[in-house]
Amino acid sequence: MLKITSAQINPTIGDISGNIALMLRAARQAADAQSQLVVFPELSLTAYYPGDLLDDLQFQQRMADGLAALKLATRETPDLYWVVGTPMLKGGVGKRFYNALLVLKNGEVVVEYAKQLLPTYNVFDERRHFEPGPDVARVLRINGTQVGFLICEDGWNDEGQDYAVNPFLRLADAAPDLVVSINASPSNVGKREQRHAVFSQACQRHTLALLYVNQIGGHDQLVYDGASFAVDARGSVVFEAQRFVEDIRTLVFDAASQSFLDAKSQALPPVCATGLPVQEFYRQQIVLGLKDYARRCGFSSAVVGCSGGIDSALTLALAVQALGAEHVVGITMPSRFSSEGSVSDSVALCGNLGLRLIEHPIKDIVTAYEASFQTAFGQALAGLPLENLQARVRGTILMEYSNNFGHLLLTTGNKSEVSVGYCTLYGDTNGGLGLIGDLYKTEVYELCRHLNASSDRELIPAAIIDKPPSAELAPGQKDTDSLPPYELLDEVLKHLIEGERLPQWERSQSLAVVAKLQADQAGQQLLMRVQKMIARNEYKRRQAPPVLRVRGLAFGNGRQVPITAVQYV
């Protein structure tokens, strides 16, 4: 029997002393539980992913000092093995560092293993800083159990589709009783089930049990959900930690049965095959992402432009869940084109959410700009320039408030609008973080309905959900004046932006819609029009604030498309 503590922690990138404190706290819990082994996530010393901080000489010295301090910390638990992740200097030709796993005990390194498969796709760019480790297996006998070690991506290539090297197979040849994998696997819809499938199949294929320990927390665009798990040698997921929270759990590995028990050597409760419902997943992912982004950037409060529309309503509701109503402010900025419901619906929403709403009309400011424009340039300001002026006046007011009162400005654009450029640069794109920028417009409606259904009262008024979407920058304006209906547009966007990365049920649906459009000339013209809008607005997305990633492919560093490229013919 081997008693193991899975330490699913929330480290902060660059906060090396703070991360060591988290690890020491968990190690003390492990020692109190009489564990022989405590396992931390990938790069737990620095948190994942430090990026170009790794090139900074001062940061390199901090890492070296941190590793020395971490070794010293392990002496507080002299009988406990610590499995940690850290960058390690490698020397010689190639990149300067390995992405390393160290097993520490009583101040000494007893095992060192370097990650062999370095992901360089989507949001990952590990080959930028790390050299692949040698094609070797690392095992250690602890309390009569032979334990082998992997790091995240090393376990994802057991079918040999993506890399020429298969670290899982190499480790299986070393015949461990148990595989321990340390991970920093960012979350998106369907990712939990994907992890279970990949590792269950590998464990079944090699008749090996595995413990998978993941980090949690929000870092810039990425959110890590934890959901650490254990798989027995038959390929069954027999344990799962909580999602979106730190969770320090102790298990017992029974080498005879090649499976796991709880800390008291009793049977573990069954693990549900299905994860969170999609909308609840979106809610929890976004709430944790905002909470950690604000905390790590030094914000305690947020401000949102409240238009009375559904996007700002959802942004405000999620901000309240992350930060508390007392730390969220809405500002309504009616113009001469605003409907009566723009203000009244904003009042009802903020009353439901329990947050402060400030009214700051923009009519006089816009009129002054129009007069100045006429005087300086000899022409009246009208059409699109006037519409964009209103958005930019509102964006300026929100930034003034943010600067003066120290609130984080949250932008409210959704993925549909951002995809086709239905937003104003330096206007409604202003902000420090976008909460719903990876949700299509139809998903915005679905999440609003989910929030209402899962609450004991109406959070987002039905009037907001039911009204036709409009920017209200011109008389009688509706989104459908410029865009196809969102039910159609979103299926086209999913096909053009995410394509094969879509979950199967979404891909089948989007393919069916696109095939129908391709069947006639009008549909073909619509497809070309949308494709051109996506391409022509890359420059706006490049200047927009980061958006929290919830889907398989989000705008940001996971999608690198040149602004000046020819993307259509």
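Residues numbered from 1 in each chain as written. Predicted model: local features only at pLDDT ≥ 70, side-chain atom pairs only at ≥ 80, totals over all residues. Heavy atoms only, no water.

Attention shifts here to the sheet that holds strand S9 (residues 209-214). If you walk across this open sheet you meet the six strands as S6-S7-S8-S9-S12-S13, and the pairing is mixed. The open sheet terminates on both sides in strands that have one partner only, identified here as strand S6 (139-142) and strand S13 (237-240). Each neighbouring strand pair of the sheet contributes to a mean axis angle of 20°, computed without reference to strand direction. Of the strand pairs in this sheet, strand S8 (residues 178-183) and S9 are connected by six bridges, and their pairing is parallel. Note on S9: the bridge partner recorded for Ile182 is Val213. (Pairing = 2+ DSSP bridges. Helix = DSSP H or I, 4+ residues; strand = E, 2+ residues; numbered from the N terminus. Axes fitted to C-alpha atoms, helices over the stretch in contact; angles between N-to-C directions.)

Moving on, we come to empty space enclosed by the protein. Following the criterion strictly, the structure yields one cavity of 30 Å³ or more and no others. Each pocket or cavity is described by its volume, and for the largest cavity that value is around 40 Å³. In terms of lining residues, the largest cavity is bounded by Asn122, Val123, Gln221, Leu222, Arg549, Ala554, Phe555, Asn557 and Gly558. Tallied by class, residues from the lining of the largest cavity come to four nonpolar, four polar and one charged. (1 Å grid on protein atoms, 1.4 Å probe; cavity = no way out; pocket = protein on both sides within 12 Å on 5 of 7 lines; lining within 4 Å. Points joined across faces, edges and corners; volume = space filled by probe spheres on them. Nonpolar A, V, L, I, M, F, W, Y, C, P; charged D, E, K, R; others polar.)

On the secondary structure map, Val123 appears in the loop between strand S5 (108-114) and S6. Accessibility expressed as a relative area gives 13% for Val123, which makes it buried. Each C-alpha atom, one on Val123 and one on Gly556, is 8.4 Å from the other, the two residues being 433 residues apart in sequence. Setting aside residues up to four positions removed in sequence, Val123 forms contacts with Pro186, Leu222, Arg549, Asn557 and Gly558. (Buried < 20%, exposed > 50% of the residue type's maximum accessible area, 1.4 Å probe, protein only. Contact = heavy atoms within 4.5 Å.)

Burial within strand S4 (residues 97-105) is extensive, with eight of its nine residues counted as buried. When strand S3 (residues 81-89) meets S4, the two strands line up antiparallel, connected through nine bridges. Bridging from a neighbouring strand, Val84 pairs with Leu102 of S4. In this antiparallel pair of consecutive strands, S4 and S5, the connection spans two residues, and Asn106 shows a positive phi of 50°.

We now examine the environment of Ala227. Structurally, the position occupied by Ala227 is in the loop between strand S11 (222-225) and strand S12 (229-231). Linking Ala227 and Phe239, residues twelve residues apart in sequence, is a C-alpha distance of 9.5 Å. In contact with Ala227, not counting residues within four places along its chain, are Gln8, Arg195, Glu240, Ala241, Gln242 and Arg243.

Another aspect to go through is the sheet that holds strand S17 (residues 328-332). Read from one edge to the other, the open sheet built from five strands follows the order S18-S17-S16-S19-S20, with strand pairing classed as parallel. Two strands close off the open sheet at either side, each with one partner strand: strand S18 (356-359) and strand S20 (433-434). The pairing of strand S16 (residues 302-305) with strand S19 (residues 408-411) spans two bridges and is classified as parallel. Residue pairing across strands places Val303 opposite Leu409, the latter belonging to S19. Across the sheet, helix H7 (residues 340-353) is in contact with S17 and S18; its angle to S18 comes to roughly 160°. Taken strand by strand, helix H9 (residues 384-405) contacts S16, S17, S18 and S19, and its axis lies near 170° from that of S16.

Attention now goes to the pattern of salt bridges. Applying the stated rule across the entire model yields 31 salt bridges. Of the charged contacts, one joins Arg192 and Glu240 as a salt bridge, the two residues approaching to 2.7 Å between their closest N and O atoms. Of the two residues, Arg192 is situated in helix H4 (residues 191-206) and Glu240 in strand S13; the sequence distance between them amounts to 48 residues. Of the two residues examined, Arg192 and Glu240, each falls in the buried class. A salt bridge links Lys467 to Asp345, with the nearest nitrogen and oxygen atoms 2.7 Å apart. (Salt bridge = Lys/Arg side-chain N within 4 Å of Asp/Glu carboxyl O.)

The next point concerns H7. An α-helical turn contains 3.6 residues, so any two residues separated by three or four positions project in the same direction. Given a rise of 1.5 Å per residue, 14 residues ought to cover 20 Å, and the 20 Å separating the end C-alpha atoms of H7 matches this to within 8%. By the burial criterion, the buried members of H7 are Gly341, Ser342, Asp345, Ser346, Leu349, Cys350 and Leu353. Looking straight down H7, one finds that the buried residues subtend no more than 150° of arc, so they occupy a single side. Structural note: H7 exposes Glu340 and Gly351 on the side pointing more than 90 degrees away from its buried face. Packing partners of the buried residues in H7 comprise helix H6 (310-323), S17, S18 and helix H12 (462-466). (Expected span 1.5 Å × (residues − 1). Arc of directions from axis to C-beta.)

Next up on the list: the pairing of strand S14 (residues 247-254). Counting buried residues along S14, six of its eight residues qualify, which places the element largely inside the surrounding structure. As paired elements, strand S1 (residues 2-8) and S14 share seven bridges and run antiparallel to each other. Its bridge partner lying in S14, Ile4 is registered against Leu251. The sheet contact formed by S14 and strand S15 (residues 259-262) spans four bridges and is antiparallel. Directly across from Leu251, in S15, lies its bridge partner Asp262.

Another aspect to go through is unusual backbone geometry. Note on backbone geometry: most residues besides glycine have negative phi, and most peptide bonds are trans. Each neighbour pair has its own omega, and for Tyr48 with Tyr49 the value is 10°, a cis peptide bond. As for its position among the elements, Tyr49 is in the loop between strand S2 (37-39) and helix H2 (57-73). Of note in this structure, Asn106 is not a glycine but carries a positive phi near 50°. Its location among the elements puts Asn106 in the loop between S4 and S5.

Further remarks concern the packing of aromatic side chains. A full pass over the atoms with the stated rule returns 14 aromatic pairs. For the ring pair Phe253 and Phe260, a centre distance of 5.3 Å and an interplane angle of 55° mean the geometry is tilted. Across this residue pair, the class does not change: Phe253 and Phe260 are buried. Taking 4.8 Å as the distance between ring centres and 55° as the angle between the ring planes, the aromatic pair formed by Phe373 and Phe377 counts as tilted. Remark: Phe377 and Phe373 occur in helix H8 (residues 363-377); sequence separation between them is four residues, near one turn of the helix. Judged by relative accessible area, Phe377 falls into the exposed class, the value being 57%. One aromatic cluster is present, built from ring pairs that chain together Tyr48, Tyr49, Phe130 and Tyr224. Its end group placed over the ring of Tyr81, Lys105 keeps NZ or CZ at 5.3 Å from the ring centre. When the ring centre of Phe555 is taken as origin, the NZ or CZ atom of Lys415, which lies over that ring, is 5.8 Å away. (Phe/Tyr/Trp six-rings, centres within 6.5 Å; stacked < 30°, edge-to-face > 60°. Lys NZ or Arg CZ within 6 Å of the ring centre and 35° of its normal.)

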